[in-house]
Amino acid sequence: MQISKDKFQLVGTKISEAEKISKPSLSFWKDVFIRFRKNKLAMFGLVLLAILIFMAIFGPYMTEYDYATNDLTNKNQAPSSEHWFGTDDLGRDVFARTWEGARISIFIGVAAALIDLFIGVLWGGISGYKGGRTDEMMMRFADVLYGVPYLLLVILLMVVLGQGLGTMILAMTITGWINMARIVRGQVLSLKSQEYVLASKTLGANTSRIMAKHLIPNSMAPILVTMTLTIPNAIFTEAFLSFIGLGLTPPLASWGTMANDGLPAIRYYPWRLFFPAIFISLTIFAFNVVGDGLRDALDPRLRK
Amino acid sequence: MAKYIGKRLLYMLISLWLIITATFFFMRIAPGNPFTSEKQLPPEIEANLNAHYGLDKPWYAQYGDYLLKVVKWDFGPSFKYKSQTVNDLISEGFPVSFILGMEAILLAVAFGLILGIIAALKHNKWQDYTAMIIAVAGISVPSFIMATFLQYFLAIKMGIFPVARFETFMHTVLPALALASTPMAFIARLTRSSMLEVMSNDYIKTAKAKGLSQGVITVKHAIRNALLPVVTYMGPLTAGILTGSFVIERIFGIPGLGAHFVTSITNRDYTVIMGVTVFYSIILLASILLVDIAYGIIDPRIKLAGGKKGE
């Protein structure tokens, strides 16, 4: 078949046209957000988390009952329109106590994660950046401390220092920061030999500027993931400790203490155990799913 | 290899020494002395008691005595139960916990592997999603909550299993299941991701190309290599089962070491808390070391000489 030449036409090359990026440019975090949004389970976790936090803030005001007021004429009531989640053995409203417990659980989780973040970034950052003997010594110290069984140490500290919110957070963070320190150290170690760090050094930036402007922001992805996954761990530990009788003291309500109180009555008043139990599980679930989703969204190479 | 084991052993001993020292000093600064709960004792009797338990010596002598005793595997008397020593409690309670723990480990490994392998083979199909939802649920529901749910629905409501106590095999099913739930979920996730990674390797393609069936490829080629990350999880698994037993034994009324430990915490029975903590730490550290060594033997690609500088 013959095709005549006049059917073709020279378009010409426009350099500006060839270099044009047709897709709008995305910042790293926008890209992460788009990937995260595609993950249905993670989005579900995020919504769940938002609801839980909303209820932790406003839940206690939704009922006229107070979490700490005893009402012995109305003890062990089943859930009803009056007491939405029923009452416990001292007649306290379980709905109010549940959301009071949510505040404490989420507070403990976030506080423990933030302290871990602070110590871990400092320790890991210095260790990784300095390198050599400093690194060796700092990491050996972390290794030895890491060998100490976590929960046993926490139990021991709670026995010795006495029960309370502060003690609990302290006990959790004594070995909790090591994980963060290791991750930050690994990141800093691989980043510090990059050209842009060298360029920054040549321009006269000092160590703290390089750390704050280059190394830490570029390590943000694994730091964030580790933090989100620390929170459910801390929430679990609080519930566990309260459940073996080492938690907060009454009338403070945490999910662990509520479950502990409800256990002996499980045969007759199961709701006293079930409401805190369900919310512990839901919260840990939500944080875990969001953490997993974040990890997948931040590091596309790790995706299945 | 010998150098590596020696190095690890040294770290283990340092960690252990740290724990023993910490327990010793923690218990010294803990409020009250072992006899405060008794009626006001005449000073002579209290002095006698102190002398009997060696509490009249200066702290460094007591510390030395304690270290020496631990080395000789003697954890001293219980202050609350006068006729029992901590060693008695351990030899009485540990076998029970051990049986339960072993059952739980078997359950966790068996079901975890099955779930993980199914999920990987049926990647992105409904089997995969179901298995992963079970896994996420298993990780999210703490063992003590799983235990109470199982107890309430399967034992109290339906009466399929006995509610509590430790007598027949049927009595151990629910507690073992509760203990196994979280580690099972972890193993399922680990197995799935490592199976997926292994299945994309070239030698699997070769096996397919030479006409092997899916079953043979999975069993003979994929699983063996996919198991490696699961082996590393055995250390944390032991830890999880051990600490899980504290609450599970209490919920199901099982006279194991975990239940004794929690009781001693409530009673503030300091020598028992100390002794059992040290005992648990020894078991944990030893099992983690064993797992690491086993890992090195199973996978010769792992260089055990320890990380070089800057790695």
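Calculation criteria
- Residues numbered from 1 in each chain as written.
- Chains lettered and ligands numbered in written order.
- Predicted model: local features only at pLDDT ≥ 70, side-chain atom pairs only at ≥ 80, totals over all residues.
- Helix = DSSP H or I, 4+ residues; strand = E, 2+ residues; numbered from the N terminus.
- Rg over C-alpha atoms; globule rule 2.2 N^0.38 Å.
- Buried ≥ 20, exposed ≤ 12 C-beta atoms within 10 Å, placed from the backbone.
- Contact = placed C-beta atoms within 7 Å.
- UniProt positions renumbered as here; feature names shortened; annotations may be inferred.
- pLDDT = per-residue confidence, 0-100.
- Nonpolar A, V, L, I, M, F, W, Y, C, P; charged D, E, K, R; others polar.
- Domains from an automatic or database assignment.
- Axes fitted to C-alpha atoms, helices over the stretch in contact; angles between N-to-C directions.
- Parallel < 35°, antiparallel > 145°, perpendicular 65-115°, else oblique.
- Core = buried A, V, L, I, M, F, W, Y, C linked by C-beta atoms within 7 Å.
- Expected span 1.5 Å × (residues − 1).
- Left-handed = near helix turned anticlockwise from the far one by under 90°.

Novice: How would you explain the overall build of chain A if you had to name every residue and give the values?
Specialist: A count of helices and strands for chain A gives twelve helices and zero strands. Of the regular secondary structure in chain A, the N- to C-terminal order runs α-α-α-α-α-α-α-α-α-α-α-α. Taking 19 Å as the expected radius of gyration for a compact globule of 304 residues, we find that chain A reaches 27 Å, considerably beyond that expectation. Along the first, second and third principal axes, the C-alpha atoms of chain A reach 100 × 65 × 35 Å. Residues counted as buried form 44% of the 304 residues belonging to chain A. Taking the intrachain contacts of chain A between residues at least 6 apart in sequence as the baseline, contacts between residues at least 24 apart amount to 68%.

Novice: I'd like a rundown of the overall build of chain B, residues and numbers included.
Specialist: Assigned secondary structure in chain B consists of twelve helices and zero strands. The principal-axis extent of the C-alpha atoms belonging to chain B is close to 85 × 60 × 30 Å. Counting every position in chain B, which comprises 311 residues, the buried fraction comes to 39%. For chain B, long-range pairs separated by at least 24 residues make up 75% of all intrachain contacts whose partners lie at least 6 apart in sequence.

Novice: Provide a residue-level description of the UniProt feature "transmembrane region" (unreviewed entry) in chain B, including the pertinent values.
Specialist: UniProt records the feature "transmembrane region" (unreviewed entry) at residues 9-30, 98-121, 133-156, 168-190, 230-252 and 272-298 of chain B, using the numbering of this structure. Along residues 133-156 of chain B one finds 92% helix and 0% strand; the C-alpha atoms at either end are 27 Å apart.

Novice: Describe the confidence of the model for chain A, and please don't skip the residues or the numbers.
Specialist: Close inspection of predicted coordinates is inappropriate in any region flagged by low pLDDT. Per-residue confidence for chain A averages 80 on the pLDDT scale, and 93% of its residues sit at or above 70. Between the elements of chain A, mean pLDDT differs from a low of 71, seen in helix 1 (residues 15-18) of chain A, to a high of 86, seen in helix 4 (residues 94-130) of chain A.

Novice: Describe in detail the interface of chain A and chain B, supporting the description with residues and values.
Specialist: Taken together, the contacts link 32 residues of chain A with 37 residues of chain B. Taken together, the elements giving at least two residues each to the side of chain A that touches chain B come down to helix 5 (132-147), helix 6 (150-161), helix 10 (220-243) and helix 12 (271-298) of chain A. Here the side of chain A that touches chain B gets eight residues from one element, more than from any other, and that element is helix 12 of chain A. Class assignment for the residues of the side of chain A that touches chain B results in 25 nonpolar, four polar and three charged.

Novice: Give a description of the domain arrangement of chain B that names residues and reports values.
Specialist: Residue and element names in this part refer to chain B. Domain boundaries assigned for chain B yield domain 1 (2-38 + 48-71) and domain 2 (86-298). Taken together, the contact between domain 1 and domain 2 spans twelve residues of the former and ten residues of the latter. With nine residues, the single largest contributor to the side of domain 1 that touches domain 2 is helix 1 (residues 2-29). Its residues placed into classes, the side of domain 1 that touches domain 2 shows nine nonpolar, two polar and one charged.

Novice: Any details on the confidence of the model for chain B? Residues and values, ideally.
Specialist: Of the residues in chain B, 90% have a pLDDT of 70 or more, and the chain-wide mean is 78. Every residue in residues 305-311 of chain B scores below 50 in pLDDT, and together they form five contacts with partners more than four places removed in sequence or on other chains.

Novice: Hey, could you go over the packing of helix 10 (residues 234-251) of chain B against helix 11 (residues 257-267) of chain B for me, with residue numbers and the actual values?
Specialist: Residues and elements named next belong to chain B. At a minimum axis distance of 7 Å, the contact between helix 10 and helix 11 shows a crossing angle of 90°. Classified by the interaxial angle, the pair formed by helix 10 and helix 11 is roughly perpendicular. For the pair formed by helix 10 and helix 11, the contact residues are S245, F246, E249 and R250 on the first element and G258, A259, F261 and V262 on the second. By residue class, the composition of the contact of helix 10 with helix 11 is four nonpolar, two polar and two charged.

Novice: Break down the nonpolar core for me, citing the residues and quoting the values.
Specialist: Membership of the largest hydrophobic core comes to 143 residues, with the highest contact counts inside it found for I155 and I244 of chain A together with A108 and I187 of chain B. Apart from residues lying up to four places away in sequence, I244 of chain A is in contact with F246, V247, V262 and I265 of chain B. The next biggest cluster of nonpolar side chains, apart from the first, holds 14 residues, and it includes V121, M180, M211 and L215 of chain A.

Novice: Which residues make up the environment of V173 of chain B, and what values do they have?
Specialist: Residue and element names in this part refer to chain B. Relative to the helices and strands, V173 is located in helix 7 (residues 169-199). On the basis of neighbour count, V173 is assigned to the partly exposed category, with 18 C-beta atoms found within 10 Å. Placed 112 residues apart in sequence, V173 and L285 show a C-alpha to C-alpha distance of 28 Å.

Novice: Give a detailed account of the environment of I265 of chain B, specifying residues and quantitative values.
Specialist: Among the secondary structure elements, I265 of chain B is positioned in helix 11. Judged by local crowding, I265 of chain B falls into the buried class, with 21 C-beta atoms found within 10 Å. In this view, I265 of chain B contacts I155, V159, I244, G245 and L246 of chain A together with I273 of chain B; residues no more than four positions away in its chain are not counted.

Novice: How would you summarise helix 10 of chain B if you had to cite specific residues and measurements?
Specialist: All names here are of chain B. With 18 residues, helix 10 ought to run about 26 Å at 1.5 Å a step, and its terminal C-alpha atoms sit 25 Å apart, in line with that. For helix 10, the tally of buried residues reaches 16 of 18 residues, placing the bulk of the element in the interior. Count one or two residues on from helix 10 and you reach G253, which has phi positive near 60°.

Novice: An account of the UniProt feature "transmembrane region" (unreviewed entry) in chain A is requested, with residue identities and associated values reported.
Specialist: The feature "transmembrane region" (unreviewed entry), as given by UniProt, occupies residues 41-62, 104-129, 141-161, 223-248 and 273-294 of chain A in the numbering adopted here. Annotated as residues 104-129 of chain A, this span is 100% helix and 0% strand, and its ends, taken at the C-alpha atoms, are 37 Å apart.

Novice: Give a description of the environment of V159 of chain A that names residues and reports values.
Specialist: In this fold, V159 of chain A is placed in helix 6. For the pair V159 of chain A and L246 of chain A, spaced 87 residues apart in the sequence, the C-alpha separation amounts to 7.4 Å.

Novice: I'd love a proper account of the packing of helix 3 (residues 40-62) of chain A against helix 4 of chain A, names of residues and values included.
Specialist: All names here are of chain A. One way to put it is that helix 3 packs onto helix 4 with a least axis distance of 8 Å and a crossing angle of 125°. Comparing their axes, helix 4 and helix 3 come out oblique. Judged by the sense of rotation from one axis to the other, the crossing of helix 3 with helix 4 is left-handed. On helix 4, the residues touching L52, I53, M55, A56, G59 and P60 of helix 3 are A96, W99, E100, A102, R103 and I106. Taken together, the residues of the contact of helix 3 with helix 4 break down into nine nonpolar, one polar and two charged.

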